[in-house]
Every structure is written in C-alpha cells, then in structure tokens.
Amino acid sequence: MNRKWVGSFLIILLLAFDVWLFFNSPFSTSKQTLPAEVKKDGTSILDIGNQEAGSRSVKKFSLTAQEKEWQINADKSVSAWTYNGTVPGEPLRVTEGDFVKVHLKNELNVPVTIHWHGMILPNQMDGVPGLTQDAVQPGESFTYEFIANDAGTYWYHSHQHSSKQVDKGLYGAFIIEEDAPAYQQEQTYMLDEWAVNQDKQNLTNMGGMMMGSMSGDGEADTKQMYDTLTVNGKSGEAIEPLKMDAGETARLRFVNAGYQQHRLVFPEGSMEVIAADGEKVASEGSSSNMLEIAPGERIDVAFTKQGEETEVIGEDPQTQNAQDMKIPVVSESNGDSYAYNQLSVSSASSKVTGTSSGSEDVLFKETPESDVSYHMDLSMGMDMGEGMVFQINNKVFPDTPLIPVSEGDVVKVRITNSGRLNHPMHLHGHRFQVASKNGEAYENPIVKDLIHVKPGEEYTIYFKASNRGEWLFHCHDNNHADLGMVTIVDYQSVYSPFKLGGENNNQP
Ligand SMILES: [Cu+2]
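A quick note: this is a predicted structure, and the numbers were derived from the prediction, not measured. (Residues numbered from 1 in each chain as written. Predicted model: local features only at pLDDT ≥ 70, side-chain atom pairs only at ≥ 80, totals over all residues.)

Asker: How would you explain the overall build of the protein if you had to name every residue and give the values?
Answerer: Across its full length, the protein holds 4 helices and 33 strands. When each of the 508 residues of the protein is scored for burial, the buried share is 47%. The long-range share in the protein, meaning contacts at least 24 apart out of those at least 6 apart in sequence, stands at 77%. (Helix = DSSP H or I, 4+ residues; strand = E, 2+ residues; numbered from the N terminus. Buried ≥ 20, exposed ≤ 12 C-beta atoms within 10 Å, placed from the backbone. Contact = placed C-beta atoms within 7 Å.)

Asker: Can you lay out the sheet that holds strand 21 (residues 351-352) for me, pointing to particular residues and giving the numbers?
Answerer: Paired through backbone hydrogen bonds, the strands of a sheet run either parallel or antiparallel to each other. Pairing within the open sheet is mixed, and its 6 strands lie in the order 12-20-19-14-17-21. The strands lining the two open edges of the sheet, one partner per strand, are strand 12 (242-243) and strand 21. As paired elements, strand 14 (residues 262-265) and strand 17 (residues 290-293) share 4 bridges and run antiparallel to each other. Its bridge partner being in strand 17, arginine 263 is matched across the sheet by glutamate 292. (Pairing = 2+ DSSP bridges.)

Asker: Can you tell me about the confidence of the model for the protein, naming the residues and giving the values?
Answerer: Any segment with low pLDDT has predicted coordinates that should not be analysed in fine detail. Of all residues in the protein, 88% have pLDDT values of 70 or greater, and the mean over the chain is 89. Taken as a whole, residues 11-33 scores under 50 in pLDDT and shows 29 contacts with residues more than four places along the chain or in a different chain. For the stretch residues 200-208, pLDDT sits under 50, and the model shows 18 contacts to residues farther than four places along the chain or on other chains. (pLDDT = per-residue confidence, 0-100.)

Asker: Go over the pairing of strand 3 (residues 77-83) with me, naming the residues and quoting the values.
Answerer: With 5 of 7 residues buried, strand 3 is to be regarded as a mostly interior element. Pairing of strand 2 (residues 58-71) with strand 3 involves 7 bridges; the strand directions are antiparallel. Residue pairing for strand 3: tryptophan 70 is matched across the bridge by valine 78. Counting the residues between successive antiparallel strands, the hairpin from strand 2 to strand 3 contains 5 residues.

Asker: Please provide a residue-by-residue account of unusual backbone geometry, values included.
Answerer: In this model, valine 87 is joined to proline 88 through a cis peptide bond whose omega is -5°. If you trace the backbone, proline 88 turns up in the loop between strand 3 and strand 4 (89-95). Phenylalanine 397 connects to proline 398 through a cis peptide bond whose omega is 5°. Within the secondary structure layout, proline 398 lies in the loop between strand 23 (387-392) and strand 24 (403-405). Positive phi, close to 40°, is recorded for histidine 161, a residue that is not glycine. Position of histidine 161 among the secondary structure elements: in the loop between strand 8 (152-157) and helix 2 (162-165). A positive phi angle, close to 50°, is found at asparagine 438, a residue other than glycine.

Asker: Summarise the sheet that holds strand 22 (residues 372-383); cite the residues concerned and give the values.
Answerer: The sheet built from 6 strands is open, its strands ordered 23-22-25-30-27-28 with mixed pairing. Taken across any chain shown, the strands that pair with only one partner, and hence form the sheet edges, are strand 23 and strand 28 (440-448). Across the sheet, the mean angle separating the axes of adjacent strands is 20° when strand polarity is ignored. In terms of strand pairing, strand 22 meets strand 25 (residues 410-417) through 7 bridges, oriented parallel. Bridge pairing links leucine 378 to asparagine 417 in strand 25. (Axes fitted to C-alpha atoms, helices over the stretch in contact; angles between N-to-C directions.)

Asker: Would you mind going over the nonpolar core in detail, with residue names and values included?
Answerer: Residues Ile415 and Ile461 are the most contacted members of the largest nonpolar core, which totals 120 residues. Apart from residues lying up to four places away in sequence, isoleucine 415 is in contact with Met376, Leu378, Met425, Ile451, Val453, Glu458, Tyr459 and Ile461. (Core = buried A, V, L, I, M, F, W, Y, C linked by C-beta atoms within 7 Å.)

Asker: Summarise the environment of glycine 419; cite the residues concerned and give the values.
Answerer: Within the secondary structure, glycine 419 sits in the loop between strand 25 and strand 26 (423-427). In the structure, glycine 419 is positioned 40 residues away from serine 379 in sequence and 4.3 Å away in space, judged by C-alpha atoms. Among residues more than four places away in sequence, those in contact with glycine 419 are Leu378, Ser379, Met380 and Pro455.

Asker: Help me get a handle on the environment of leucine 229, residues and values and all.
Answerer: Within the element layout of this structure, leucine 229 appears in strand 11 (residues 228-231). In this structure the C-alpha to C-alpha distance between leucine 229 and glutamate 193, which are 36 residues apart in sequence, comes to 4.3 Å. Apart from the residues lying within four places of it in its own chain, the contact partners of leucine 229 are Glu193, Ser235, Glu315, Asn321, Asp324 and Met325.

Given below as structure tokens:
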C-alpha cells in the first residue's frame, strides 16, 4: 500500500470513530443514583447552616431565566438562555456583609438552578441539583439567601446540565464590594465563546473531539465547535470601549465563563494582578503583559492607561478568532475614537496566571499535617456505552471515589493529570491553599477555589473542612464534568435528601 492509501484509511477510521462518538450520547440514565456513601444517616443538609439577615442590610434581586434572541454583533445572533434577558445576566453588586436574597423564576421549558461560584455559603444555597436542591422546574421559583462575606469577584451560573445551560448564556457577575473601594473606576469582563454557525457546530463536533485531544496544546476538545469569542456577550466591534484618562488606574475584573482558556495581552507595563478567585494577592508590581485565565477562573487586575491615544486589551493574536476579543481603551481627550479593525494587540512578553502570585491572606502559614489525604488523578478514557469519558481515579461520576471528611479536618488533595487535556478543577463551598506544583513548594502559596491542571502537571492543595455539606469538586470545562469528571467532598455527619435524575430531572 502506498502512503496516500494509508493516509486515507486512517482518515476513514478516524471519521468512523467520530461518528460512533457522536451517536453515543454521553448522558446515560443508568447511573443516575448517588453512591451509597452519600445516602447515610445523620443530619439532612437542609437542617444545617441556615443564615439569617439579623441586623444586616438586605439586598434583594430577581432573576428570571428566559429565552432570548441575543445579538452578539451586527451580523450574529444566537438563541440564548438568559437571566433577565441579557448575556451575561444582570450583574449583581452587593457590599461585604450584606444579606442577599435572590428570587429565581424559571420561564424556560427546562429546569434550572443558580450556583454562586466561589461563594462560601450554606450547602443548601449552593444550587447543585440532586445534591443541594431539586432543579427549579419550568414555571417555578426558588429563593437563594446568604451572607455576602469576603469582598471580591464572583459569578453565578446554572448548575443544571451546565455543559449546555452555561454555554447558552445562563451566567452573570456577582460582585461583593469592599466597604471603601480602593479604585474609583472599575469594570467587569466576562469572557465566553459561542457556536453561532450551527452547521459548523455539527460538522466540527464530530471531528473536534478527536482533533482537540490530539492537537497537543491541552486546550478544550470542543474548541473546534466554537466560532465566535465574546466579551460581556458582545463580539468584535460591538464590544463596549473602556473610557479612561491617561494615567488613570481602574480595577478590571475578568471572569472566564467559557470552556477555553484565554490569554489577554495588555500594553507593556500597564497591568498588575490584584486578586485571583476573589482572594487578594500580595503586590509584586508585576510587569507581565499577558494574563492567562482558565475556564471558571476570576482574575482582577489594576490597569493604568498609559497615554492619550487609544489602547487595546485583547486576546493573544495567535489564538483562533482572536480578532473577536479586543477591548478598546479610549480617552475623552482624544475624542474617544478608534477603528476596531486597526486595534493591534501587542505580542506577549511574559505571562501571569492564576497561580503566579501568592495570596495576601493564607489559610495555613506552614504546610499542615493532614487528617485526610486524597490522590485525585485526572484522565481520559473510553466507555463502550458513552464514548469518550473524563475520569477521576479511572471512574466516572457518580462512581468516582468521594472525599470523605469530618468537620475540622485538614484535607490534602494531590491532583495529577495523566490525560492530554487541561482540567480547571473547582471546589464548591471552600477555598484551598495551593501548596506546591510538580513537587516544588510555593514560596508564596495562593488561596483559590479553582486550579488549572494541565497535562503532566501535579498540584498539592490543602483545605479546612469547615463548612458541612455535600460539595462538588469538578472540572469547570463543563463538558468534561458532564462526561464524568466530578466528585464530592462528603461530610460524614450529613446527608443529602435529594436524588440525581428522578422526577425533577436533576442533572448536576
Ligand atoms: Cu476537564
């Protein structure tokens, strides 16, 4: 056989495999029960941790989940699922210490919930269907109530069938302001990607899974499906310019609501990271000009406009569709003028990521003794019924081994990635301290709730089991979570009265 024949044969084999993958739906109803360990005696999570307003000031919001034709720019629109009719949903701003009440009304024809990403709150307010509540059915409502502790950048999103619902726009920013904000000006930017061209979606969905996992950059296997990048639901020329005077400094809060990592390039010397995942980082006067932000991650920067001319913060030009994601920075003194297509993103000289700077307040001054130690190995596998799956310790949720804890335990989790894709691992209801990477201890540890674990990497994290409940620990590439990469931090003294699947169709 000549080489051309071998090549054609391989391509046919690959396509056949993709077609097989495509028709073997990842959603299997045979596994919709929680592992036996969670169905134990003890206290129901509904009987612990309620918070009350007391003398706190109460901030009330109403969010309605509804379908909306969303205009991404002059040429592109999508049929989106929204909170209050916009993508992102209405930004919620409160002050540290406020008591927050959010009334969720569901006007979609599918069940939804709201998860308060990064918030330390009572378990029953965590918004995970089948674990902390029943999914909110079409036409029904649910009220979330909690204290807004710890100023910082958070976000909210549906946790029901998240791979689809967050993808369709059910997310928004949740900002807890300090009593006296340090910056006069601030902006929030939620980054996302969309499959606007549905034909392309269907075509590339089949090849994407294989191509993504074989391209070797660890990037999301579903990347090929998406053709449009957005900033606050808008793409390209439709992105709102940032107005600042020369020399002025603003706090910019970036939230990655999508499943791809983003690399934003800033003008040289203009940016310093000030917080990651809601935690202040120790000031280092960083001179990096590229910010790498993982799916689900939040990074806040102090950005100073260098001069009067229009500047740009934009996706690394090497990224596919980077031209969609440019934030013009204009000055009134310069007439606020710019031509979007001529905004040129500089090249990256050095990069800063969520784990680059140490936290101002650490959870543990020194590496603690652990009461519970768990090795979490992330891998990819094939399941004859489900196609490609994403595993924790070679198992797929809900068969993944749980992390059993008792209140007060110090929990150590060593995370390794033996697969070929990036996995941004997110823990609910707690913050953890990242103590070491690839066996080397951080001089200045960082406190986070999401750690981006790339192929071959190893991180050791510690957290204190100080918030009783049943808490998810999962990959925030929600497609991976959907295909199995989920486990539970399971407090032994409590149980969840809810069920996966069932009449409420709970799909965490
Ligand atoms: Cu993943």
